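Coordinates in review
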Amino acid sequence: MYAAWTVKHKPKSLSEVVGNKDAIQKLVNWVKSWERGIPKKRAVFIYGPPGIGKTVSVEALANDYKMELVEKNASDYRTEDAVKRFAGLASQYGSLFGGKRIVLLDELDGLTGTADRGGVRAITEVVKNAQCPIVLIANDAYNPRLSTLRNYCLLIEFKKPSASDVMKHLKRICIREGIEAEEKALKFIAQRSEGDVRSAVNDLQALAQGRKRLTYEDVSWLGYRDRQESIFNVLRMIIYGRTCIGAKRAVDMADVDMDMLFEWIYENVPAHLNDPHDLAKAMDALSMADVYRGRIRATQDWSFIRYVIDFMTAGVAMARQNSKTSGWIPFKFPQRIKMLSRSKAERGMQLRIGFKIKRKCHISANRAAKEVLPYLRIIFRNNVEMAAGIAKWLELDEDMIEYLAGNKKNAEAIKEM
Ligand SMILES: Nc1ncnc2c1ncn2[C@@H]1O[C@H](COP(=O)(O)OP(=O)(O)O)[C@@H](O)[C@H]1O
Ligand SMILES: [Mg+2]
């Protein structure tokens, strides 16, 4: 069965949380200060963008210091009554069994309606009288609604971890999963995530799960454009959509173009519709969408686009009738696009080597790529000494040598010569 790597590889100890060292230290010091009596601020307010380890830091801290963590989400404290129901928990530091308690109110941003106002007021009262550490978490600490509450809290800002911090976490996951990943590949995923560790981990899983190796080539085709968190939501709305309108609306949310979205849906439908009849219907809808895509291409008449959209969204959504939702299935990146871009990248490389050959041998680069290059490949794979000589003569760069040698080990040997 599949498990989300964000859960499977969630840090259990603060030592595994990457980034925000100072903020975490501040949090630890404050929790420790409770040992010397109730501090002036009985709550901390952690704030910062999503996916960077706010929640997980509090969980890891409770684990490291053997504290009992009482975790609540916005739905648990919307109204005054709801808050009162668990307020008692905050009136005791030590629990019956000698451990200490910490109360976490997560995702405070979730409180929006006027009905929630009572909840915020009640939380403020709980904080004022708390007998155990209380942690509040929100993305935005400066929401006016929280201004009074904020006065009673020690504010701690969490910032986006650097790309190299994100990489550290990705590396650890690769080691645990037995994946040999190129530094460059992980760096690319980390940079693309822009500090959002959760989405970086999701990216890594979608790309690397079930593989032994992950190369830069495997990931580079992703481009910076579509952050997958959003495309995953879009796919969910389409493949698990209950209404035509809902599924169609997903298109507006997608920041990928129509062809790319088609590939995403096409790639993922088979794994998510496990009833053969449903799948047949969905594929039928996709084939219709593809027919209209072809008409657009042939006629440049873009009014057909509405049929493409209807078939590939509503058509797919309505196909689900008997499929069971069985556990969590990860979304996969469209392999077709990957193959296309790989062969494009490969042709580019062949042509560049062709130009190098052209300069020495006075034949066209195209012809060199077609006729000479295959022999070079055989030489580079089998005769290090000869390959080194040729590489020097043709003035090949490192990437070219690696391409011809087929792997890093051969390439290293040639470069050393
Ligand atoms: N700084 C981090 N170090 C290690 N893993 C992280 C970090 N931030 C996020 N993660 C991963 O992403 C998941 C979601 O993180 P979470 O703490 O819930 O983010 P948020 O800041 O939105 O509360 C975690 O379960 C963990 O797998
Ligand atoms: Mg969180």
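Note that the coordinates shown come from a computational prediction; the quantities given were computed from them, not determined experimentally.

The rules behind each value
Residues numbered from 1 in each chain as written. Chains lettered and ligands numbered in written order. Predicted model: local features only at pLDDT ≥ 70, side-chain atom pairs only at ≥ 80, totals over all residues. Heavy atoms only, no water. Salt bridge = Lys/Arg side-chain N within 4 Å of Asp/Glu carboxyl O. Helix = DSSP H or I, 4+ residues; strand = E, 2+ residues; numbered from the N terminus. Buried < 20%, exposed > 50% of the residue type's maximum accessible area, 1.4 Å probe, protein only. Pairing = 2+ DSSP bridges. Axes fitted to C-alpha atoms, helices over the stretch in contact; angles between N-to-C directions. Near = heavy atom within 4 Å. Polar contact = N/O pair within 3.5 Å; in protein donor to acceptor, adjacent residues only side chain to side chain. Areas by Shrake-Rupley, 256 points an atom, 1.4 Å probe, with all protein chains shown as cover. Nonpolar A, V, L, I, M, F, W, Y, C, P; charged D, E, K, R; others polar. Domains from an automatic or database assignment. Contact = heavy atoms within 4.5 Å. Buried area = accessible area lost by both parts, 1.4 Å probe. Phe/Tyr/Trp six-rings, centres within 6.5 Å; stacked < 30°, edge-to-face > 60°. Disulfide = S-S within 2.5 Å. Parallel < 35°, antiparallel > 145°, perpendicular 65-115°, else oblique.

Focus: the pattern of salt bridges
The final tally for this structure, using the stated rule, is 22 salt bridges. Residue glutamate 412 pairs with lysine 415 through a salt bridge whose shortest N-O separation is 3.7 Å. With glutamate 412 and lysine 415 both in helix H20 (residues 408–416) and three residues apart, this pair spans about one turn of that helix. Lysine 415 sits in the partly exposed class, given a relative accessible area of 29%. Several salt bridges converge on common partners, so that one network encompasses Asp259, Asp290 and Arg293.

Regarding helix H8 (residues 183–193)
Within the span of H8, buried status applies to Ala185, Leu186, Phe188, Ile189, Ala190, Arg192 and Ser193. Glutamate 194 sits one or two positions beyond H8 and adopts a positive phi of about 50°.

Description of the sheet that holds strand S4 (residues 134–138)
What the five strands build is an open sheet, ordered S2-S3-S4-S1-S5; its pairing is parallel. The open sheet has two free edges, formed respectively by strand S2 (67–72) and strand S5 (153–157), since each of these has just one partner strand. Strand-to-strand twist of the sheet, defined as the mean angle between neighbouring strand axes without regard to direction, takes the value 20°. Pairing geometry for strand S1 (residues 43–47) and S4, over five bridges, is parallel. Opposite alanine 43, over in S4, you have isoleucine 134 as the bridge partner.

With respect to the site of ligand 1
Taken together, 16 residues sit near ligand 1, with Thr6, Val18, Gly51, Lys54 and Thr55 positioned nearest. Interatomic distance of 2.7 Å between a backbone N/O atom of threonine 6 and an oxygen atom of ligand 1. A distance of 2.8 Å separates a nitrogen atom of ligand 1 from a polar backbone atom of valine 18. Against a free-state accessible area of 550 Å², the protein chains account for coverage of 92% of ligand 1. Ranked by residue count, the leading element in the shell around ligand 1 is helix H3 (residues 54–64), at three residues. A per-class count over the shell around ligand 1 returns seven nonpolar, five polar and four charged. Of the domains in this structure, domain 1 (20–157) and domain 2 (163–220) are the two that each give at least three residues to the shell around ligand 1.

A word on the domain arrangement of the protein chain
As assigned here, the protein chain comprises domain 1 (20–157), domain 2 (163–220), domain 3 (228–333) and domain 4 (341–416). The distance between the C-alpha centroids of domain 2 and domain 3 comes to 27 Å. Each partner contributes residues to the interface: domain 2 has nine residues there, and domain 3 has seven residues. Counting each side, the surface lost to burial between domain 2 and domain 3 is near 610 Å², with a carbon and sulfur contribution of 56%. Summed over the shared surface of domain 2 and domain 3, the number is zero salt bridges. Summed over the shared surface of domain 2 and domain 3, the result is zero residue pairs in polar contact (both at pLDDT 80 or more). Residue contributions to the side of domain 2 that touches domain 3 peak at seven residues, all from helix H9 (residues 197–208). The residue makeup of the side of domain 2 that touches domain 3, split by class, is two nonpolar, four polar and three charged.

Let's talk about the environment of leucine 69
By the element assignment, leucine 69 lies in strand S2. According to the relative accessible area criterion, leucine 69 is partly exposed, its value standing at 25%. Sequence separation between leucine 69 and leucine 104 is 35 residues, and the spatial gap between their C-alpha atoms is 7.1 Å. When near neighbours in sequence (up to four residues on either side) are disregarded, leucine 69 contacts Val58, Glu59, Ala62, Ile102 and Leu104.

Side note on the side chain of asparagine 268
Following the sequence through the fold, asparagine 268 ends up in helix H13 (residues 258–272). Since its relative accessible area comes to 1%, asparagine 268 is described here as buried. Engagement of the side chain of asparagine 268 in a polar contact is seen with the backbone oxygen of tryptophan 264, the distance being 2.9 Å. Setting aside residues up to four positions removed in sequence, asparagine 268 forms contacts with Leu235, Ile239, Pro330, Phe331 and Lys332.

Details of the packing of aromatic side chains
What the rule picks out here adds up to 11 aromatic pairs. For the pair tyrosine 292 and phenylalanine 304, a centre-to-centre distance of 5.8 Å together with 35° between the ring planes defines the contact as tilted. One end of the pair, tyrosine 292, is in helix H14 (residues 276–299); the other, phenylalanine 304, is in the loop between H14 and helix H15 (305–317), with 12 residues separating them in the sequence. With respect to burial, tyrosine 292 and phenylalanine 304 carry one shared label: buried.

Topic: the state of the cysteines
Per the counting criterion, the structure on display carries zero disulfides. No disulfide involves cysteine 153; its sulfur sits 13 Å from the nearest other cysteine sulfur, which is in cysteine 132. Given the relative accessible area of 4%, cysteine 153 is considered buried.

Thoughts on the pairing of S4
With respect to burial, S4 is a largely interior element, five of its five residues being buried. Going residue by residue along S4, you find Ile134, Leu136 and Ala138 tucked away on one face and Val135 and Ile137 tucked away on the opposite face as well. Judged from the three bridges that link them, strand S3 (residues 100–105) and S4 form a sheet pairing that is parallel. The residue of S4 that forms the bridge with leucine 105 is leucine 136.

Examining the packing of H13 against helix H16 (residues 335–361)
As a packed pair, H13 and H16 sit with axes 8 Å apart at the nearest point and diverge in direction by 125°. What the angle tells us is that H13 and H16 run oblique. Mapping the contact onto sequence places Met260, Phe262, Glu263, Tyr266 and Glu267 in H13 and Gln335, Arg336 and Ile337 in H16. Across the contact of H13 with H16, the residue classes break down as four nonpolar, one polar and three charged.

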